[in-house]
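Chains, contacts and geometry: an overview
Chain by chain, the residues run as shown.
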Amino acid sequence: ITEFPGKLIVPGFIDCHVHYPQLDIIASYGEQLLDWLHRYAYPAEARFSDAHYAREVAAVFVNELLANGTTTALVFGTVHPHSADAIFEAAKARDMRLIAGKVLMDCNCPEELQDDADSAYSESKALIERWHGRGRLGYAITPRFALTSSEQQLAAAGRLAREYPDVWIHTHLAENRDEVEQIARQFPSCRSYLDVYDSFALLRERSVFAHCLHMDDKDRACMASKGGAAAFCPTSNLFLGSGLFDLSAMRAADIRCGLGTDVGGGTSLSMLRTASEAYKVLHLQDHALPATRALYLATLGAAEALSLDAYIGNVLPGKEADFVVLDPAASRLSARRSAAAGTIEEEFFALMTLADDRHVAATFVRGKSQRPV
Ligand code: GUN
Ligand code: ZN
């Protein structure tokens, strides 16, 4: 028996949307989404043509997740199939439950990062056969966003999704106003951005959409009725100046939502930092997020959004024993604030507001400590 006096034990954190190839461009200055992609994200992703580099970054990334108490993530690779192999191998070595995919992108982006409709289909299919359902790993068909896929490629992705009804679909939706305008021009016959994905059979159970900022009630009703889920990425939405996620409207529509870091657009891999920024984003919209609800969005709520709640998200008997030990005394100020807290809710709220990776004392994956305790 290992005891953790004075510490808090919570379920392992679940990051519903993150780009491992963007680890090294976190905190890049000055641009909103479309310029940021061209100036920072695409050049960083081009380096992943080198499989050795991909493996090195994947190993660092997985270690950073665990150091932050994140035991599961839904992860973007790059267009290179070996980028998916690299992250799956790194997760497998740690026995982590992780979902990832190779990115599909065949237009409106640098040529060196383009695949095409046929290679997107065949490479994704080969990766599904290799990784989906292997141990704790799952595959996500990953069209980057509708701007960087031709209609042929979106159709190929939809065909693949129909062939594999239990793989995930992972993409971006309605993040930035210029992006939404360009989508309307590129797909004039679609009612909305969501309708583009829906019309190519990419909206269903296990579809996870990052951001979902600029949507209307019709979109929300449609997403809910088809079983799509949303990743709320507050640090990214603030950093890239994208907008404010409307959690009240999403919940009123009955859409499953979990928190995502969206690193490198997001500014931290810590789900505690992410929860704290979620609180502020919602506060700007007259919605106070209770600490228990914030914790839910980073654990069980995220597991529900990813359709993984039968396995992870809390510590009920039969679940997979992914959990984190948090140390409220890991920094001077949080120690002082924690000592003054009257209830566990107050203590957790202060911790989530003040904490970072220093406050993660230990991370357990399937019952095994991943750091010395
Ligand atoms: N939309 C399309 N690609 C990206 C990306 O890499 N990051 C974010 N935040 N949004 C995107
Ligand atoms: Zn993203």
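Before any of the text, the structure's been laid out above.
Residues numbered from 1 in each chain as written. Chains lettered and ligands numbered in written order. Predicted model: local features only at pLDDT ≥ 70, side-chain atom pairs only at ≥ 80, totals over all residues. Heavy atoms only, no water.

Let's talk about the coordination of the zinc ion (ligand 2)
In the first shell of the zinc ion (ligand 2), the protein supplies H17 (NE2), H19 (NE2), H172 (NE2) and D262 (OD), at 2.0 to 2.1 Å from the metal. Given four donor atoms and angles of 88 to 168° at the metal, the environment of the zinc ion (ligand 2) is assigned as irregular. Here the donor residues of the zinc ion (ligand 2) share one chain and are spaced in sequence as H-x1-H-x152-H-x89-D. Here H19 is found in strand β2 (residues 13-19), whereas its partner H172 is found in strand β7 (residues 168-173), with 153 residues between them in sequence. Comparing H19 with H172, the two get one shared label, buried. (Donors = N, O, S within 2.8 Å, 3.2 Å for Na, K, Ca; no water. Tetrahedral: all angles 85-135°; square planar, octahedral: opposite > 155°, others 65-115°. Helix = DSSP H or I, 4+ residues; strand = E, 2+ residues; numbered from the N terminus. Buried < 20%, exposed > 50% of the residue type's maximum accessible area, 1.4 Å probe, protein only.)

Describing unusual backbone geometry
Omega for the bond connecting V263 with G264 falls within 30 degrees of zero, at 5°, which places this linkage in the cis form. Mapped onto the fold, G264 is located in the loop between β10 (256-259) and α11 (271-283). In this model, H211 sits at a positive phi of 90°, which is unusual for a non-glycine residue. Mapped onto the elements, H211 comes out in strand β8 (residues 207-211). You can call H211 buried: its relative accessible area is 0%.

As for the pattern of salt bridges
Scanning the model with the defined rule gives 18 salt bridges in all. Residue R136 pairs with D322 through a salt bridge whose shortest N-O separation is 2.8 Å. Of this pair, R136 sits in the loop between α4 (117-131) and β6 (137-143) while D322 sits in the loop between α13 (300-305) and β11 (323-326); the two residues are 186 residues apart in sequence, bridging distant segments of the chain. When sorted by exposure, R136 lands in the same class as D322, which is buried. It is possible to trace a salt-bridge network through shared partners that takes in R97, R136, E320 and D322. (Salt bridge = Lys/Arg side-chain N within 4 Å of Asp/Glu carboxyl O.)

A word on the nonpolar core
Nonpolar side chains in soluble globular proteins tend to be buried together. Y20, F61, L98, L173, M223 and L326 are the most contacted members of the largest nonpolar core, which totals 111 residues. In contact with F61, other than residues within four places in its own chain, are V18, Y20, L23, V75, I87 and L269. Among the nonpolar cores identified, the runner-up in size contains 14 residues, and I14, C16, L308 and I312 belong to it. (Core = buried A, V, L, I, M, F, W, Y, C linked by side-chain atoms within 4.5 Å. Contact = heavy atoms within 4.5 Å.)

The analysis is restricted to geometry; functional conclusions fall outside its scope.
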